[in-house]
Amino acid sequence: GRVQGQRPFRIKCACSSYGSHVPMQPCLCNMQHCRWSYNSINPRNAPAIPMEQTISANLGFYMATLDVPEDAWCMDLMFVDTKVPGQPTGFFDNNGGLDYHIAVASPAANGAVSSPGSLSVQAPLKVVHVAVEMAPIAKVGGMGDVVTALGRAVQEEGHTVEVIIPKYDCIRYEQVEDLRQEGSFAFGGTQVRVWRGVVEGLNTTFLEPENGHFWRGCIYGRNDDAVRFEFHCGSALHYLNTYNVQAHIVHCHDWQSAHIAWGNRGNSRCVFTIHNLSYGADLVGRAMGACDVATTVSPTYAQEISGQGPIAPHLSKLYGIRNGIDADIWDPEDDPFLPMNYSYENCIQGKAAAREELRRRLNLANVDVPVVGCVTRLVAQKGIHLIKHAAWRTLERGGQFVLLGSAPDGRVQAEFNALRDQLMQQFHGRAALIFTYDEPLSHVIYAGCDMFLVPSMFEPCGLTQMIAMQFGTVPVVRRTGGLADTVYDVDHDEERAAAAGMRTNGFMFDSTDAAGMDYALNRAISMFYNDRPGWNTIVARIMQQDWSWYSPALDYTELYYKALRS
């Protein structure tokens, strides 16, 4: 809550020295002043005040005192090495352009955000997502998860969120609450029916053109996908204007809804998210030019794509924000698919129960060996040659291997069918390859395995490694994209983890060949065999790390405000 008058705060600069009984050294970057404003106003040209060095609990901090205005709901800060407003600084830290924020508010009964005794309130944002996927009703890849989970997380912060998707005939309608038609409008030579419902607590609008664009029995896979999704974008923009939605932010996703960025959005600002740059580069490039702010799904992936044609001319707009996972769905403490619910405090017993159930379902031998799991689409991006190699290596080291997934390419699927037959013949009771969609089984795999394999060639973010850690399963991953932002190698990344405020949590490799995979997988298996107490410590540790949408949603909210200021 907010306090009246002056309020002290403290911050530790990343370059200052600190540690047990070590006096704090002078700040190496000399950022000894802060500029501040309030209520999401850019502090760059605001007055600066000095910060004093102090020691607390043997840690070094800078201390400053700010006057909190009565009508403030948040304070906005940046740190600089000069106190002259507007003067170029040698060193500054503005959180990558997002500024730092200190909340001075508490929820008000009417849904707005206010402070006790405050003279002002923060009006909620109205955010509208335009997308072609939404979990769990119309999901193919990670985009559907992001649309739903991010929308829910921002809504929980007190803002208003709506999602607009096509009304496919293949939607899981049993998971849509209160579905009803509310009129129609003419667009593109046809009538477009407007349906409303609630999905996972989010108000959702379904647009159904009578030309049959979305009566195909699938989301993707037709030769006219680009035409159909362009029509959806046009009808969504028409809906926003016809129904006077008045969104502050229209958030569009990947090439499928890129047309929103340059369409008639009225006074709405546009945020554009790149989930995977491998598709629709021309549309992505045009959206990058037209949007107010762009994001992609991890900081490292943002760096990896920064020099590519669609991105480089508009790089100043791009921010990398790690995706989160839905902590309500992926929660071992309250998971209906597990034989025993567990937390980090009883994770050894809980995982043992899940492992026993996994082995029972898949006819695996009940022996004390490591179980290596993989849940993935079998496509080249996911490193299918390394998945095959890992299966053989795991079994050669005496472990068990479990794969859940399928290949859209018939030739690849045939290769994995043959691999399954070979492994089951040579290593009976030690391998199981399941080529179907089975969500209940995936939960048991995440919980019952000891190690989880993600050897992607590239991975914009990746969700499975975070889900695995939520269940206490140690990830073995290739260092790329979001995998590099979420996994810290037990043997090599202590400093990198500490710099990110994390602790080591898995095993990594860099190359795309079998030798690289062996380097990480062999270390993980050897630690399991040779240092079980140390292994169990890692299992409990990773279950306490937070991979939810809470922090990413706050970053997105700040970007929404940044878009409004642009």
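Because the structure is a prediction, the values reported are computed rather than measured.

Asks: Before we go on, may I ask you to explain the packing of helix α7 (residues 384–396) against helix α8 (residues 410–426) in this structure?
Replies: To describe two helices that pack against each other, one gives the angle between their axes and the distance between the axes. Following both chains from N to C, one finds α7 and α8 inclined at 0 degrees, their axes separated by 12 Å at the closest point. By the angle between their axes, α7 is roughly parallel relative to α8. Between α7 and α8, the contacting residues are Ile384, Ile387, Lys388, Ala391, Trp392 and Leu395 on the first element and Val412, Glu415, Phe416, Leu419, Gln422, Leu423 and Gln426 on the second. Among the residues making up the contact of α7 with α8, the classes are represented as nine nonpolar, two polar and two charged.

Asks: How should the sheet that holds strand β26 (residues 507–509) be read in this particular structure?
Replies: Sheets are built from strands that pair by backbone hydrogen bonding, the pairs being arranged parallel or antiparallel. On the basis of which strands lie adjacent, the open sheet formed by six strands has the order β23-β22-β21-β24-β25-β26 and parallel pairing. The open sheet has two free edges, formed respectively by β23 (431–434) and β26, since each of these has just one partner strand. Taken pair by pair, the neighbouring strands of this sheet meet at an average axis angle of 15 degrees, ignoring direction. In this structure, strand β21 (residues 371–375) lies alongside strand β24 (residues 451–454), joined through two bridges in parallel fashion. Residue pairing in the sheet places valine 372 in a bridge with methionine 451 of β24. Lying over the sheet, α7 contacts β21, β22 (400–404), β23, β24 and β26, oriented at roughly 155 degrees with respect to β22.

Asks: Looking at this structure, how should I read helix α13 (residues 514–530)?
Replies: In an α-helix, one turn spans 3.6 residues; hence positions three or four apart end up facing the same way. Between its first and last C-alpha, α13 extends 23 Å over 17 residues, near the 24 Å set by a 1.5 Å rise per residue. Along α13, the residues that are buried comprise Gly516, Met517, Asp518, Ala520, Leu521, Arg523, Ala524, Ile525, Met527 and Phe528. On its buried face, α13 sits against β21, α7, β24, β25 (474–478), β26 and α14 (532–542).

Asks: Explain the side chain of serine 268 to me, please; I cannot follow it from the model alone.
Replies: Looking at the secondary structure, you find serine 268 in the loop between α3 (259–262) and β18 (269–274). Only 2.6 Å separates the side chain of serine 268 from the backbone oxygen of alanine 247, close enough to count as a polar contact.

Asks: I tried to follow the packing of aromatic side chains on my own but got confused; where do I start?
Replies: Aromatic ring pairs are defined here through the distance separating the ring centres and the angle between the ring planes. Across all of its chains, the model carries 16 aromatic pairs by this definition. Here the aromatic rings of tyrosine 239 and tyrosine 243 are separated by 4.9 Å at their centres, their planes lie at 40 degrees, and the arrangement is tilted. Seen from their ring centres, tyrosine 446 and phenylalanine 452 are 5.1 Å apart, and the 25 degrees between their planes marks the pair as stacked. Residue phenylalanine 452 is classed as buried on the basis of its relative accessible area of 0%.

Asks: Could you clarify how one ought to interpret the pattern of salt bridges in this entry?
Replies: Oppositely charged side chains can pair when the atoms bearing their charge come close. What the rule picks out here adds up to 31 salt bridges. Between arginine 532 and aspartate 368 there is a salt bridge, with its nearest N and O atoms 3.4 Å apart. Taken as a pair, arginine 532 in helix α14 and aspartate 368 in the loop between α6 (347–362) and β21 lie far apart in primary sequence, 164 residues in all.

Asks: Explain the packing of α7 against α13 to me, please; I cannot follow it from the model alone.
Replies: Across the interface, α7 lies against α13 with an axial gap of 10 Å and an inter-helix angle of 40 degrees. Relative to α13, the element α7 lies oblique. Of the two elements, α7 crosses α13, and the hand of that crossing is right-handed. Residues Leu386, His389, Ala390, Arg393 and Thr394 of α7 pack against Ala514, Met517, Asp518, Leu521, Asn522 and Ile525 of α13. Considering only residue class, the contact of α7 with α13 consists of six nonpolar, three polar and two charged.

Asks: How should I be thinking about the sheet that holds β18 in this particular structure?
Replies: Strands sit in the order β14-β15-β16-β13-β12-β17-β18-β19-β20 across an open sheet of nine strands; the sheet is mixed. The open sheet is flanked by β14 (177–187) and β20 (318–320), the only strands paired with a single partner. Neighbour-to-neighbour, the strand axes of the sheet open up by a mean angle of 25 degrees, direction not taken into account. Relative to strand β17 (residues 249–253), strand β12 (residues 126–130) runs parallel, the two being bridged by four bridges. Note on β17: the bridge partner recorded for valine 128 is valine 250. Strands β12, β13 (160–166), β16 (202–209) and β17 of the sheet are contacted by helix α1 (residues 142–156), whose axis makes an angle of about 140 degrees with β16. Its contacts with the sheet put helix α2 (residues 225–242) on β12, β13, β14, β15 (190–199), β16 and β17, and the angle it makes with β14 is roughly 95 degrees.

Here is what the cut-offs are and how they apply
- Residues numbered from 1 in each chain as written.
- Predicted model: local features only at pLDDT ≥ 70, side-chain atom pairs only at ≥ 80, totals over all residues.
- Heavy atoms only, no water.
- Axes fitted to C-alpha atoms, helices over the stretch in contact; angles between N-to-C directions.
- Helix = DSSP H or I, 4+ residues; strand = E, 2+ residues; numbered from the N terminus.
- Parallel < 35°, antiparallel > 145°, perpendicular 65-115°, else oblique.
- Contact = heavy atoms within 4.5 Å.
- Nonpolar A, V, L, I, M, F, W, Y, C, P; charged D, E, K, R; others polar.
- Pairing = 2+ DSSP bridges.
- Expected span 1.5 Å × (residues − 1).
- Buried < 20%, exposed > 50% of the residue type's maximum accessible area, 1.4 Å probe, protein only.
- Polar contact = N/O pair within 3.5 Å; in protein donor to acceptor, adjacent residues only side chain to side chain.
- Phe/Tyr/Trp six-rings, centres within 6.5 Å; stacked < 30°, edge-to-face > 60°.
- Salt bridge = Lys/Arg side-chain N within 4 Å of Asp/Glu carboxyl O.
- Left-handed = near helix turned anticlockwise from the far one by under 90°.

None of the figures reported here should be taken as evidence of function without further support.
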